[in-house]
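Here is what each chain is made of, one letter per residue.
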Amino acid sequence: MSQVKNGKAFEYALVLEISRLTRSKITDNTAAQIAKDYYNSISGDNRKHFDRAADEASVFLECHDDRFDKSHLITLQSDSKGKDGDVRDIIVSINDRNEIGISAKHNHQAVKHSRLSDKIDFGKDWCNYPVSNNYWKSVKPIFSDLRQRKEKSELFKNIPNKDSTIYLPVLSAFEDELRVLCEDFGRNFIKCLFQYLTRRHDFYKVVCGKKSVNVQSVNIGGTLEWGKRWKIPSRIEQIKRKIESKNTLLITFEGGWQLSFRLHSASSRVEPSLKFDIQFVGMSQSVTRHEIPLR
């Protein structure tokens, strides 16, 4: 809960600073009210820290993207947008057709939280390439077992040998199917996969840490004024399991991109699904980013 609370509070701090700098109106919606309540509930020291980080990031962005000076409305998006693949927390509206997206994070670098289950076709949902029958045969017995455990209201932590009986076989099935999809559909699938993992919209990512705030340009489509346009890889160099891990897969794309896929339970109580925590562990040197110390 503290991660959610701090994340929402920082979102609101950033909205306030951008509004102050650009004299833009803040949309009065449910998402804004929730973030405002979290912002007002945190300690004075934390609020001061978030305000400082938000001020530094806002000034930097305004100086490097002239469109901020033309903004008229700032909107906080609901969490449901993330389920649709839009992870922008903040939308700065320039006009009816032009906007700037911002993803605000507090000590958090995850790029995606995708689920697996016996009803989720990740190949089709992610890239419109359905998975094979072999994949379903591998994972359905495991998720069926989880569904039965859910009916008994079991806790995930009480499942014996869950690393070997749940995480590893599901991860192995995912890895095998990923290799099949790469082999069958080649660069089209790989490019689609990378774009799915890195979002469908261009945006600025702002991460507030303890001693600095980091600004990164996620410029896949080339619509941002600051930051080099990303080159989408069309080849995967390596897929391997993390050393001494039964729940984490590492995928290395050409160009220096590497992402980790850590499989974990979605809640303390057993659910018939598992969730990936997907993060960058290696990025291309061409990615534009800037770190601002917080003194």
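Keep in mind that what you see is a predicted model, and the values were worked out from it rather than measured.

The rules behind the values
Residues numbered from 1 in each chain as written. Predicted model: local features only at pLDDT ≥ 70, side-chain atom pairs only at ≥ 80, totals over all residues. Heavy atoms only, no water. Core = buried A, V, L, I, M, F, W, Y, C linked by side-chain atoms within 4.5 Å. Buried < 20%, exposed > 50% of the residue type's maximum accessible area, 1.4 Å probe, protein only. Helix = DSSP H or I, 4+ residues; strand = E, 2+ residues; numbered from the N terminus. Contact = heavy atoms within 4.5 Å. Phe/Tyr/Trp six-rings, centres within 6.5 Å; stacked < 30°, edge-to-face > 60°. Lys NZ or Arg CZ within 6 Å of the ring centre and 35° of its normal. Pairing = 2+ DSSP bridges. Expected span 1.5 Å × (residues − 1). pLDDT = per-residue confidence, 0-100. Polar contact = N/O pair within 3.5 Å; in protein donor to acceptor, adjacent residues only side chain to side chain.

**Some remarks on the nonpolar core**
Here is step 1: With 52 residues, the main nonpolar core has Phe253 and Phe261 as its most contacted residues.
Here is step 2: Of the residues forming this core, the biggest block, 15 residues, is contributed by helix H7 (residues 162–197).
Here is step 3: Phenylalanine 253 has contacts with Ile190, Leu193, Phe194, Leu197, Pro233, Arg235, Ile236, Glu237 and Leu259, leaving out every residue within four places of it along the chain.
Here is step 4: If you look at the next biggest cluster of nonpolar residues, it comprises 36 residues, including Tyr12, Ala13, Ile100 and Ala104.

**Quick notes on the packing of aromatic side chains**
Here is step 1: Counted by the stated rule, this structure contains 22 aromatic pairs.
Here is step 2: Ring centres of tyrosine 12 and tyrosine 39 lie 5.6 Å apart, and the angle between their planes is 55°; on these two criteria the pair is classed as tilted. In this pair, tyrosine 12 sits in helix H1 (residues 2–22) while tyrosine 39 sits in helix H2 (residues 30–41), placing the two residues 27 residues apart along the sequence.
Here is step 3: For tyrosine 12, a relative accessible area of 9% translates into the label buried.
Here is step 4: Exposure remark for tyrosine 39: the relative accessible area of 8% places this residue in the buried category.
Here is step 5: Connected via pairs of aromatic rings, a cluster forms that spans Phe122, Trp126, Tyr135, Trp136, Phe174, Tyr196, Phe261 and Phe276.
Here is step 6: Sitting over the ring of tyrosine 39, arginine 47 keeps its end group 5.6 Å from the ring centre.

**Notes on the pairing of strand S3 (residues 90–93)**
Here is step 1: Neither face of S3 is exposed, since Ile90 and Val92 on one face and Ile91 and Ser93 on the opposite face are all buried.
Here is step 2: Bridge analysis of strand S2 (residues 73–76) against S3 gives 4 bridges, and the strand direction is antiparallel. Note that in S3 the partner of leucine 73 across the bridge is serine 93.
Here is step 3: Relative to strand S4 (residues 99–106), S3 runs antiparallel, the two sharing 4 bridges. Note that in S4 the partner of isoleucine 90 across the bridge is isoleucine 102.
Here is step 4: Counting the residues between successive antiparallel strands, the hairpin from S3 to S4 contains 5 residues.

**Considering the sheet that holds strand S7 (residues 203–208)**
Here is step 1: Across the sheet, 7 strands lie side by side as S1-S2-S3-S4-S7-S8-S13; this open sheet has mixed pairing. The two strands at the open ends of the sheet, each matched to only one other strand, are strand S1 (25–26) and strand S13 (289–293).
Here is step 2: Judged from the 5 bridges that link them, strand S8 (residues 212–218) and S13 form a sheet pairing that is antiparallel. Residue pairing across strands places serine 212 opposite proline 293, the latter belonging to S13.

**Observations regarding the side chain of glutamine 77**
Here is step 1: Take glutamine 77: it is sitting in the loop between S2 and helix H4 (80–83).
Here is step 2: Apart from the residues within four sequence positions on either side, glutamine 77 is in contact with Ala31, Asp86, Arg88, Asp89 and Ile91.

**Things to note about helix H3 (residues 44–64)**
Here is step 1: Taking 1.5 Å as the rise per residue, H3 with 21 residues should run 30 Å; its terminal C-alpha atoms sit 30 Å apart, in good agreement.
Here is step 2: Taken together, the buried positions of H3 are Phe50, Ala53, Ala54, Glu56, Ala57, Ser58, Phe60, Leu61 and Glu62.
Here is step 3: Looking at the buried residues of H3, the elements they touch are H1, S4, S7, S8 and S13.

**So, the confidence of the model for the protein**
Here is step 1: On average, residues of the protein score 90 in pLDDT, and 96% of them are at 70 or above.
Here is step 2: For the protein, per-element mean pLDDT is lowest for H4, which scores 54, and highest for helix H6 (residues 133–151), which scores 96.

**As for the environment of tryptophan 126**
Here is step 1: Structurally, tryptophan 126 can be placed in helix H5 (residues 122–127).
Here is step 2: For the pair tryptophan 126 and glutamate 154, spaced 28 residues apart in sequence, the C-alpha separation works out to 30 Å.
Here is step 3: Setting aside residues no more than four positions away along its own chain, tryptophan 126 makes contact with Ser114, Phe174, Cys192, Leu193, Tyr196, Phe261 and Phe276.
Here is step 4: A polar contact is formed between the side chain of tryptophan 126 and the side chain of tyrosine 196, at a distance of 3.2 Å.

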